[in-house]
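So the chains spell out like this:
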Amino acid sequence: MQKHWLYILLFLPIFLLAQNASVKVEVKGVVKDETSGKTLTSVHVVNVNAVKGTITDEKGNFEIVAEVNDTLHFSYIGYQSLRVRVTNDWVKNKIAEIKLTSKAVALEEVVVSRYNLTGYLQIDAVNIPVAENYRYDIQGLKYGYEAGQSSPNAINKTLGSIFNPADALYNLFGKKPRELKKLKDAKKDDSVRLLLESKFDRETIAVLLGIDKNEIPEILQRCNYSETFIKTANDLQILDAISDCYEEYKVLKKRSS
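Calculation criteria
- Residues numbered from 1 in each chain as written.
- Predicted model: local features only at pLDDT ≥ 70, side-chain atom pairs only at ≥ 80, totals over all residues.
- Heavy atoms only, no water.
- Helix = DSSP H or I, 4+ residues; strand = E, 2+ residues; numbered from the N terminus.
- Buried < 20%, exposed > 50% of the residue type's maximum accessible area, 1.4 Å probe, protein only.
- Contact = heavy atoms within 4.5 Å.
- Areas by Shrake-Rupley, 256 points an atom, 1.4 Å probe, with all protein chains shown as cover.
- Pairing = 2+ DSSP bridges.
- Polar contact = N/O pair within 3.5 Å; in protein donor to acceptor, adjacent residues only side chain to side chain.
- Axes fitted to C-alpha atoms, helices over the stretch in contact; angles between N-to-C directions.
- Phe/Tyr/Trp six-rings, centres within 6.5 Å; stacked < 30°, edge-to-face > 60°.
- pLDDT = per-residue confidence, 0-100.

### What about the overall build of the protein?
Then comes step 1: The helix and strand inventory of the protein stands at eleven helices and nine strands.
Then comes step 2: Here the protein, with 257 residues, has 35% of them falling under the buried criterion.
Then comes step 3: Of the contacts made within the protein by residues no fewer than 6 positions apart, 56% connect residues no fewer than 24 positions apart.
Then comes step 4: Summing over all exposed atoms, the protein offers an accessible surface of approximately 16,600 Å²; the carbon and sulfur share of this is 54%.

Here it is as structure tokens:
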């Protein structure tokens, strides 16, 4: 009997610590410029684990619900993004000071190509290249597939990609159900949705899904989205495209099995 009490006394602190670590609490903080110490307004703060977001107020303050070991992603135009882990000390002290580093933006030289126009509309309309995007509908599916080329093999490439059992999208996310759930959760939170709608750098998407942002264009190419869409769509549209592509792939895979 004494041994049982000894085990309880030994493991009770560990059990209580584990219980406390999983409790959701509201952590607070203030975001500042690392060099000047000036507080930063409207910094986007996203809890990557919970897929919840907020922004800093006019004094640089923010509040967000989190658990110990959750990762908070801070992003602000003109500053390097930062990921910070929520620690026991932060939960205990309730507030933390976050410092962002500004980044230099170098504008690359833009070369504008000229078209040799003749002045005749009928001729110029034919000679000026136009990027055409095609999206093929598949019976039984809510959405279609877009192909960014007009070659005769475009439809074959489209169907070949989505019916390929080794499709990169399935291989990438097939074993990550939690990350796939984030695709839907991201659109439910107003702050996260508005953040994605205003961004074009794919950074937040990559952080949420736990992938390298350089993989995103490849994923979309395998889903047969055009180069125009990949380059011009905002992050929310990209998130929708990845989500739709995966859902369609699951339907096709289920029907073929």
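### Observations concerning the pairing of strand β5 (residues 71-75)
Then comes step 1: The buried count for β5 comes to four of five residues, which makes it a mostly enclosed element.
Then comes step 2: Relative to β5, strand β2 (residues 44-47) is paired through four bridges, and the arrangement is antiparallel. Note on β5: the bridge partner recorded for Val-46 is His-73.
Then comes step 3: Direction of pairing for β5 relative to strand β6 (residues 82-85): antiparallel, over a ladder of four bridges. Paired with Phe-74 across the strands is Leu-82, a residue of β6.

### As for the side chain of His-73
Then comes step 1: Residue position: His-73 is located in strand β5.
Then comes step 2: The buried category is assigned to His-73, whose relative accessible area is 3%.
Then comes step 3: Polar contacts involving the side chain of His-73 include one to the side chain of Glu-203, which spans 3.4 Å.
Then comes step 4: The contacts of His-73, once residues within four sequence positions are left out, are His-44, Val-45, Val-46, Val-48, Ser-81, Leu-82, Arg-83, Glu-203, Thr-204 and Val-207.

### Things to note about the sheet that holds strand β1 (residues 25-33)
Then comes step 1: Overall, mixed pairing links the three strands, which are arranged β4-β1-β7 in an open sheet. Unpaired on one side and paired on the other, β4 (61-66) and β7 (95-100) mark the two borders of the sheet. The sheet shows a mean angle of 35° between the axes of neighbouring strands, taken without regard to direction.
Then comes step 2: Summarising the sheet, β1 and β4 pair through six bridges and their orientation is antiparallel. Note that in β4 the partner of Val-25 across the bridge is Ala-66.

### Description of the sheet that holds strand β3 (residues 52-55)
Then comes step 1: Spatial ordering of the open sheet is given by β3-β2-β5-β6, a layout of four strands whose pairing is antiparallel. The sheet is open, and its two borders are formed by β3 and β6, each paired with just one other strand. Averaged over all pairs of adjacent strands, the angle between strand axes in this sheet comes to 20°, irrespective of strand direction.

### A closer look at the packing of aromatic side chains
Then comes step 1: Taken as a whole and assessed by the stated rule, the structure comprises three aromatic pairs.
Then comes step 2: Plain terms: the ring middles of Phe-62 and Phe-74 are 5.5 Å apart, the flat faces sit at 70° to each other, and that makes the pair edge-to-face. Here Phe-62 is found in strand β4, whereas its partner Phe-74 is found in strand β5, with twelve residues between them in sequence.
Then comes step 3: On the basis of relative accessible area, Phe-62 is assigned to the buried category, the value being 3%.
Then comes step 4: Here Tyr-76 and Tyr-79 contribute two aromatic rings whose centre-to-centre distance is 5.5 Å and whose plane-to-plane angle is 40°, an arrangement assigned as tilted.

### A word on the confidence of the model for the protein
Then comes step 1: The pLDDT averaged across the protein works out to 75; a share of 58% of its residues lies at or above 70.
Then comes step 2: Mean pLDDT across the elements of the protein ranges from a minimum in helix α4 (residues 154-163), with 46, to a maximum in β4, with 96.
Then comes step 3: Overall, residues 136-141 carries pLDDT values under 50, and its contacts beyond four positions in sequence, including any with other chains, amount to 16 contacts.
Then comes step 4: Scored below 50 in pLDDT, residues 148-159 shows 17 contacts in the model against residues more than four places distant or in partner chains.

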